[in-house]
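Per-entry structural report
What follows is the residue order along each chain.
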Amino acid sequence: MKLFVIEIEGEPIVVFPEDDLSLAQEEAATGNVTEALQEFQRDGKPVWNGEGKLAVREADADETALYNAGLAEALEDGDITEDETDEFAVFLIETDDMD
């Protein structure tokens with residue numbers, strides 16, 4: 001799988017795996033993803049306000065490295081299993097802690 005980044009108003013927000021760009025764009029437009037982007041917060045505000053422009057592109061080398069490090073940590077910590085890796089995403093921004 002390739003890695004893709006969702007950008008909001010040109011800012012890289014989250015990196016995730018998908019087979020190709022068209023599937024990544026479909027994934028980014030789904031209710032699950034858009035709801036999650038509105039659920040997670042940064043500085044007490046939703047990461048996405050539901051109105052800003054979302055765009056999807058291939059991840060660059062630095063974003064890929066961050067994803068791989070986050071994935072390795074999640075696997076090591078037992079937060080996810082090998083079967084769940086194709087559904088794993090890594091935020092590229094600092095988000096508020098969620099209770």
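Heads up: the structure comes first, above all this text.
No experiment lies behind these values; they were computed from the predicted model shown.

Calculation rules
- Residues numbered from 1 in each chain as written.
- Predicted model: local features only at pLDDT ≥ 70, side-chain atom pairs only at ≥ 80, totals over all residues.
- Heavy atoms only, no water.
- Pairing = 2+ DSSP bridges.
- Helix = DSSP H or I, 4+ residues; strand = E, 2+ residues; numbered from the N terminus.
- Contact = heavy atoms within 4.5 Å.
- Axes fitted to C-alpha atoms, helices over the stretch in contact; angles between N-to-C directions.
- Phe/Tyr/Trp six-rings, centres within 6.5 Å; stacked < 30°, edge-to-face > 60°.
- Buried < 20%, exposed > 50% of the residue type's maximum accessible area, 1.4 Å probe, protein only.
- Salt bridge = Lys/Arg side-chain N within 4 Å of Asp/Glu carboxyl O.

A closer look at the sheet that holds strand β5 (residues 54-58)
Pairing is antiparallel in the open sheet, where 4 strands are placed in the order β5-β1-β2-β6. At either margin of the open sheet sits one strand with a lone partner, and together these are β5 and β6 (90-91). Direction of pairing for strand β1 (residues 2-8) relative to β5: antiparallel, over a ladder of 5 bridges. Bridge pairing in β5 links Ile6 to Val56. Contacting β1, β2 (11-18) and β5, helix α1 (residues 21-29) runs over the sheet at an angle of about 150 degrees to β5. Running at roughly 55 degrees to β1, helix α2 (residues 31-39) makes contact with β1, β2, β5 and β6 of the sheet.

Considering the packing of aromatic side chains
In the structure shown here, the tally under the stated rule is 2 aromatic pairs. Between Phe40 and Phe91, the ring centres sit 4.8 Å apart and the planes meet at 55 degrees, which makes this aromatic pair tilted. Here Phe40 is found in the loop between α2 and β3 (41-42), whereas its partner Phe91 is found in strand β6, with 51 residues between them in sequence. Judged by its relative accessible area of 24%, Phe91 falls in the partly exposed class.

Quick look at the pattern of salt bridges
A complete count under the given rule lists 3 salt bridges for this structure. Between Glu7 and Arg57 there is a salt bridge; the shortest N-O distance is 2.5 Å. Taken together, the residues Glu7 in strand β1 and Arg57 in strand β5 connect sequence positions 50 residues apart. Of the charged contacts in the structure, one is a salt bridge between Arg42 and Glu11, with a shortest N-O distance of 2.9 Å. Placement of the pair is Arg42 in strand β3 and Glu11 in strand β2, with a sequence separation of 31 residues. Salt bridges here are not isolated pairs; linked through shared partners, they connect Glu7, Arg57 and Glu63.

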